[in-house]
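As a plain string of letters, each chain reads:
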Amino acid sequence: METDLFATCAYVDLDMEEGSAWCVRAGHLPPVLRHPDGTTEIAETEGGPPLGVVAQADFPMTPLRLRPGTVIALATDGLVESADADIDEGMDRLAHGLSASDPAHLGLVADALLGNARRSDDVALLLVRYDGMASHPLRENWTVWRVPQAVGHARRFTRRTLRSWNVPEDAQDAVLLIVSELVTNALVHTDGRVRLDLTLVNHRLRVAVADASPRTPVKPTSIGWEATGGRGILLVEAMSAAWGSLPVSGGKQVWSEVTF
């Protein structure tokens, strides 16, 4: 971590399609699961030391199996530990409060759990409910080779995919424009591999272009009439219901979503 400080950490990777999760802990509290029948479970997860304590450490991954309606609670020890109660008692209290709550309204659940906390330290609480998926996403991906026809190849792949998914023509036009702009930006402004991912969930289509550069695209505040570039992100924003950028494996992924 390039510092003398250390920190505890809990990380849960949730697969919304499969209803499974992997949990990794570094000196942190385990997740608490509230099952659909109202019973709670403090997950038995292996862990490693806090981050920054030793240079090399093992952090075992523990699988969690979820049923639709399961609530996962992650908290810092400030929520469960106090001068007159140890961590085990606090975790049992958290599990009981979660069991007695109504999982349909997680905001109210969080208010109740935080309201009963005996606070002597900073408190952080994260709640997520896994509801299952009525329909599974459709996915396709394309590796963009750095050749003169790269953008055209990406557009043809996209059009074939959208037609096979029965996406309406007007939505196809918007998606093709977005693909052109995002792929062009990645090829012009970055080096290394470029990957195009298409995902369709119900009537929401997501375009994601990943590259090896961590630099986030910046939307220009103004463009003069004589400018030869800089309009790509403005076009993406105009055609998208939402768009953004997130870090991925040392690079980034720029994404856009179109609804129809």
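This structure is a prediction, so every number in the text was calculated from the model and none was measured. (Residues numbered from 1 in each chain as written. Predicted model: local features only at pLDDT ≥ 70, side-chain atom pairs only at ≥ 80, totals over all residues. Heavy atoms only, no water.)

Account for the overall build of the protein chain, naming residues and giving values.
Within the protein chain, the secondary structure is distributed over 6 helices and 12 strands. The C-alpha atoms of the protein chain give 23 Å as radius of gyration, which overshoots the globular expectation for 260 residues (18 Å, by more than 25%). C-alpha atoms of the protein chain, sized along the principal axes, occupy 70 × 45 × 35 Å. Expressed as a percentage of the 260 residues in the protein chain, the buried residues total 37%. (Helix = DSSP H or I, 4+ residues; strand = E, 2+ residues; numbered from the N terminus. Rg over C-alpha atoms; globule rule 2.2 N^0.38 Å. Buried < 20%, exposed > 50% of the residue type's maximum accessible area, 1.4 Å probe, protein only.)

Could you give me a rundown of the side chain of threonine 161, with the residues and numbers involved?
With respect to the secondary-structure elements, threonine 161 resides in helix α4 (residues 150-164). For threonine 161, a relative accessible area of 6% puts it in the buried group. When near neighbours in sequence (up to four residues on either side) are disregarded, threonine 161 contacts Glu140 and Leu198. (Contact = heavy atoms within 4.5 Å.)

I'd love a proper account of α4, names of residues and values included.
Taking 1.5 Å of rise per residue, the 15 residues of α4 would be expected to cover 21 Å, and the 21 Å separating its terminal C-alpha atoms lies within 8% of that figure. Residues Ala150, Ala154, Phe157, Thr158, Thr161 and Leu162 constitute the buried set of α4. Looking down the long axis of α4, one finds its buried residues gathered within 130° of arc, a one-sided arrangement. Against β8 (138-144), α5 (169-189), β9 (194-201) and β10 (204-211) lie the buried residues of α4. (Expected span 1.5 Å × (residues − 1). Arc of directions from axis to C-beta.)

I'd love a proper account of the pattern of salt bridges, names of residues and values included.
Note on pairing: side chains with opposite charge can pair once their charged atoms come close. Scanning all chains against the criterion turns up 7 salt bridges. Of the charged contacts, one joins arginine 139 and glutamate 17 as a salt bridge, the two residues approaching to 2.2 Å between their closest N and O atoms. Of the two residues, arginine 139 is situated in strand β8 and glutamate 17 in the loop between β1 (9-15) and β2 (20-26); the sequence distance between them amounts to 122 residues. A salt bridge links arginine 206 to glutamate 257; the nearest nitrogen and oxygen atoms lie 2.9 Å apart. On the criterion of sequence distance, the pair formed by arginine 206 in strand β10 and glutamate 257 in strand β12 (residues 251-259) is long-range, its members being 51 residues apart. Exposure remark for glutamate 257: the relative accessible area of 14% places this residue in the buried category. (Salt bridge = Lys/Arg side-chain N within 4 Å of Asp/Glu carboxyl O.)

Could you give an account of a nonpolar patch on the surface, naming the residues involved and the relevant values?
There is a patch of nonpolar side chains on the surface, built from Phe6, Val53 and Val54 and spanning about 290 Å² of accessible area. Looking at where valine 54 falls in the secondary structure, it is placed in the loop between β4 (40-42) and β5 (62-65). (Patch = residues over 30% accessible without salt bridge, like charges linked within 9 Å, V, L, I, M, F, W, Y side chains within 5 Å. Areas by Shrake-Rupley, 256 points an atom, 1.4 Å probe, with all protein chains shown as cover.)

Help me get a handle on the packing of α4 against α5, residues and values and all.
Following both chains from N to C, one finds α4 and α5 inclined at 150°, their axes separated by 9 Å at the closest point. Viewed along their axes, α4 and α5 adopt a mutual orientation that is roughly antiparallel. Here the hand of the crossing between α4 and α5 comes out right-handed. Residues Ala150, Val151, Ala154, Arg155, Thr158, Arg159, Leu162 and Arg163 of α4 pack against Glu169, Gln172, Asp173, Val175, Leu176, Leu177, Val179, Ser180, Val183, Thr184 and Leu187 of α5. In terms of residue class, the contact of α4 with α5 is made up of 10 nonpolar, 4 polar and 5 charged. (Axes fitted to C-alpha atoms, helices over the stretch in contact; angles between N-to-C directions. Parallel < 35°, antiparallel > 145°, perpendicular 65-115°, else oblique. Left-handed = near helix turned anticlockwise from the far one by under 90°. Nonpolar A, V, L, I, M, F, W, Y, C, P; charged D, E, K, R; others polar.)

Can you explain the pairing of β9? Please cite residues and give values.
Most of β9 is tucked away: 6 of the 8 residues are buried. Bridging between β8 and β9 involves 7 bridges; their strand directions are antiparallel. Within β9, the residue paired with leucine 138 across the bridge is leucine 200. For β9 and β10, the ladder comprises 7 bridges, and the chain directions are antiparallel. Residue pairing across strands places aspartate 197 opposite alanine 208, the latter belonging to β10. A loop of 2 residues connects β9 with β10, the two strands running antiparallel in sequence, and asparagine 202 in this loop sits at a positive phi of about 55°. (Pairing = 2+ DSSP bridges.)

Describe the pairing of strand β6 (residues 70-75), and please don't skip the residues or the numbers.
Burial runs high along β6: 6 of the 6 residues are buried. Burial along β6 is two-sided: the face carrying Thr70, Ile72 and Leu74 and the face carrying Val71, Ala73 and Ala75 are both buried. Relative to β6, strand β3 (residues 32-34) is paired through 3 bridges, and the arrangement is antiparallel. Residue pairing for β6: arginine 34 is matched across the bridge by valine 71. Here 6 bridges tie β6 to strand β7 (residues 125-130), and the two strands are oriented antiparallel to one another.

Spatial relationships are all this shows, so hold off on functional conclusions.
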